[in-house]
Amino acid sequence: MAAIRDETPGRDARQTRRVALLNQKGGVGKTTTTVNLAAAIAEQGRPTLIVDIDPQSHATLHLGVDPDGLDRSIYDLLLDPELPATEALIESRPNLGLLPAEVHLAAAETELVGEADRQDRLHRILDRLSDQYEFVFIDCPPSLGILTLNALAASGEVLVPLQAHFFALQGVSKLLETVQLVSQAANPDLVVAGVILCMHEERATLSKEVVADLDEFFHASREGGAPWSDAKVFRPPVRRNIKLAECPSFGQTIFEYSKWCPGALDYRALAKSFIEEWDARKSVKAEEIAQAPEDPRDALEEPTEDTTAEIVVRPSAAAEMTG
Ligand SMILES: Nc1ncnc2c1ncn2[C@@H]1O[C@H](COP(=O)(O)OP(=O)(O)OP(=O)(O)O)[C@@H](O)[C@H]1O
Ligand SMILES: [Mg+2]
């Protein structure tokens, strides 16, 4: 049985908002959202890290970094846990770090198979960088293999970029099942933050209907205790905007390429609400800490049992997840 002991002080004690951009469907806006949401947050002076865990290396390319010219990448860090994370880290813009990908990363799926801690490698890499970044965005590949599992085990939240088309809800429920499996097996703190609507056609009747269905679905999940019970459809939706499709080929973020286009405005607005939400959460946590008794034992009426956490990955679940 594979047993993974979490040696960190507690995932929820982290001062970093770690977010995996996840959708097993290709071409929905994961990379576009990772890069431009992260860049907008970094522009607000908040230290932000982009982790490219997709062998296609699209986030790396989007930021103007040539994957073929790298000395080290996220591949090297995943394969060699002794390697300092800073060896692969690129300061790509002010307040914006990048752990880049390159094509060898595809081999990591098979090379990691025999390792007991294969799903927890990224988690450990990010822990070593946690004092440097307030926000971390992980751009997942459009598949549910070991790389994606690493992203989910390393994250506190999942963001789902999608297009509001007819099968959107069907795709979301499959994805939520995966998140639930991972949260039960390896990362109980993992929650779904919500959906970001990409390439959105505001005036289309179908889009309106799908958004209403998504709103209703998340509303109905409020009481269920599932990892998505606090999830929502983020506003504003990101409108379809050709500038967003053009800027990656120049190795530029949307803010460098066309500062005031609709795409830039939408990602800036999303970043603002994302930062505000996080600041509010941090101040609630700070208040809780301030109100806690100095010696936690004072608050206990009876001795409690040993709470040393051991995260056990059920072999059946792990096999299911790693295929
Ligand atoms: N709001 C938008 N308006 C116009 N084009 C967009 C928008 N968002 C993304 N695109 C374009 O759509 C394509 C797919 O987007 P993106 O690469 O972000 O998807 P992805 O989910 O990361 O894809 P993959 O699954 O292959 O990694 C890209 O060419 C991108 O430039
Ligand atoms: Mg992508």
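Rules used throughout
- Numbers given to residues run from 1 along each chain, matching the order in which its sequence is written.
- Here every chain gets a letter starting at A, and every ligand a number starting at 1, in the order they are written.
- Whole-chain, interface and lining totals are the exception, using all residues; otherwise, since this is a predicted model, local features are given only for residues with pLDDT of at least 70 and side-chain atom pairs are given and counted only at 80 or more.
- In computing side-chain values, all of the structure's heavy atoms are included and hydrogens and water are not.
- What counts as a helix is a DSSP run of H or I of at least four residues, what counts as a strand is a run of E of at least two, and both are numbered from the N terminus.
- When a residue's accessible area, from a 1.4 Å probe over protein chains only, is under 20% of the maximum for its type it is buried; when over 50% it is exposed; and in between it is partly exposed.
- Contact between two residues is taken to exist if any of their heavy atoms lie within 4.5 Å; hydrogens are not considered.
- Methods summary: accessible areas were calculated by the Shrake-Rupley approach with a probe of 1.4 Å, and residue burial reflects only the protein chains presented.
- Each residue carries a pLDDT score, the predictor's confidence in it, ranging from 0 to 100.
- Like-charged residues are merged into a patch within 9 Å and nonpolar side chains (Val, Leu, Ile, Met, Phe, Trp, Tyr) within 5 Å, provided each residue has over 30% relative accessible area and no salt bridge.
- Throughout this description, the term salt bridge denotes a Lys or Arg side-chain nitrogen within 4 Å of a carboxyl oxygen of Asp or Glu.
- Between N-to-C directions, angles cover 0 to 180 degrees, with each direction set by a line fitted to C-alpha atoms, over the stretch in contact for helices.
- When an angle is under 35 degrees it counts as roughly parallel; over 145 it counts as roughly antiparallel; between 65 and 115 it counts as roughly perpendicular; any other value is oblique.
- Note that Gly is not counted as nonpolar here; it falls among the polar residues with everything else outside the nonpolar set of Ala, Val, Leu, Ile, Met, Phe, Trp, Tyr, Cys and Pro and the charged set of Asp, Glu, Lys and Arg.
- Neighbouring residues are identified by heavy atoms, a residue being near a molecule or strand if any of them is within 4 Å of it.
- Polar contact is the term for a pair of N or O atoms within 3.5 Å; when the atoms are in protein, one must be able to donate a hydrogen and the other to accept it, and sequence-neighboring residues count only if both atoms are side-chain atoms.
- Here, the term nonpolar core denotes a set of buried Ala, Val, Leu, Ile, Met, Phe, Trp, Tyr and Cys residues that are joined through side-chain atoms within 4.5 Å.
- Note on pairing: two strands pair once DSSP finds at least 2 bridges between them.

### Topic: the overall build of the protein
For the protein, the count of helices and strands is 12 helices and 10 strands. The buried share of the protein, taken over its 323 residues, is 50%. The long-range share in the protein, meaning contacts at least 24 apart out of those at least 6 apart in sequence, stands at 80%. Summed over all atoms, the accessible surface of the protein reaches about 15400 Å², with 52% contributed by carbon and sulfur.

### Observations concerning the confidence of the model for the protein
In this model, the protein carries a mean pLDDT of 88, and residues with pLDDT of at least 70 account for 87%. When the criterion is pLDDT under 50, residues 303-323 qualifies, and its contacts beyond four places in sequence or with other chains add up to 37 contacts.

### As for a nonpolar patch on the surface
Nonpolar side chains collect at one region of the surface, where F166, F167 and L206 lie side by side and expose about 350 Å² of accessible area between them. Among the secondary structure elements, F166 is positioned in the loop between β7 (157-162) and α7 (168-185).

### Side note on the packing of α7 against helix α8 (residues 205-220)
Interhelical geometry of α7 versus α8 gives an angle of 30° and a closest axis separation of 10 Å. By the angle between their axes, α7 is roughly parallel relative to α8. Across the interface between the two elements, A168, L169, V172 and L176 of α7 pack against V210, D213, L214 and F217 of α8. The residue inventory of the contact of α7 with α8, partitioned by class, reads seven nonpolar, no polar and one charged.

### Re the site of ligand 1
Lining the immediate environment of ligand 1, one finds 18 residues, of which G27, K30, T31, T32 and N241 sit closest. Between ligand 1 and the protein, one listed contact pairs an oxygen atom with a side-chain N or O atom of T32 at 2.5 Å. Separating a nitrogen atom of ligand 1 from a backbone N or O atom of R239 is a distance of 3.0 Å. Computed on the free molecule, ligand 1 has an accessible area of 630 Å², of which 82% lies beneath the protein chains in the complex. A total of three residues in the shell around ligand 1 trace back to one element, the largest contributor, which is helix α1 (residues 30-43). Looking at side-chain class alone, the shell around ligand 1 contains six nonpolar, seven polar and five charged residues.

### Considering helix α6 (residues 146-154)
When you tally the buried positions in α6, you get nine out of nine residues, the bulk of the element. Of the residues making up α6, those classed as buried are I146, L147, T148, L149, N150, A151, L152, A153 and A154.

### Remarks on the nonpolar core
Residues L49, V51, I74, L99, L122, L126 and I138 are the most contacted members of the largest nonpolar core, which totals 54 residues. The contacts of V51, once residues within four sequence positions are left out, are I74, L99, L122, L126, V136, F137, I138 and D139. Counting 35 residues, the second largest nonpolar core, distinct from the first, contains A38, L63, V65 and F137.

### Concerning the pattern of salt bridges
Applying the stated criterion across every chain yields a total of 19 salt bridges. Where E256 meets R93, a salt bridge forms, and the shortest distance between an N and an O atom there is 2.5 Å. Taken together, the positions of E256 in helix α10 (residues 254-257) and R93 in strand β4 (residues 90-93) put the pair 163 residues apart, joining distant regions of the chain. The network of salt bridges with shared partners includes R17, E157, K232, E277 and R281.

### Some remarks on the pairing of β7
For β7, the buried fraction is high: six of the six residues fall into the buried class. The alternating pattern of β7 places E157, L159 and P161 and V158, V160 and L162 on opposite faces, both of which are buried. Sheet analysis places strand β2 (residues 17-21) next to β7, joined by three bridges and oriented parallel. By the bridge assignment for β7, A20 is matched with V158. As judged from the six bridges shared by β7 and strand β8 (residues 191-197), these two strands associate in the parallel manner. Following the sheet pairing, V158 is matched in β8 by V192.

### Some details on the sheet that holds β7
One open sheet accounts for eight strands, arranged β4-β5-β3-β6-β2-β7-β8-β9; its pairing is mixed. The open sheet has two edge strands with one neighbour each: β4 and β9 (232-233). Here strand β3 (residues 48-52) pairs with strand β6 (residues 135-139) via five bridges, running parallel. Counterpart to L49 in the pairing with β6 is V136. This element, helix α11 (residues 262-291), spans β2, β6, β7, β8 and β9 of the sheet and lies at about 140° to β2.

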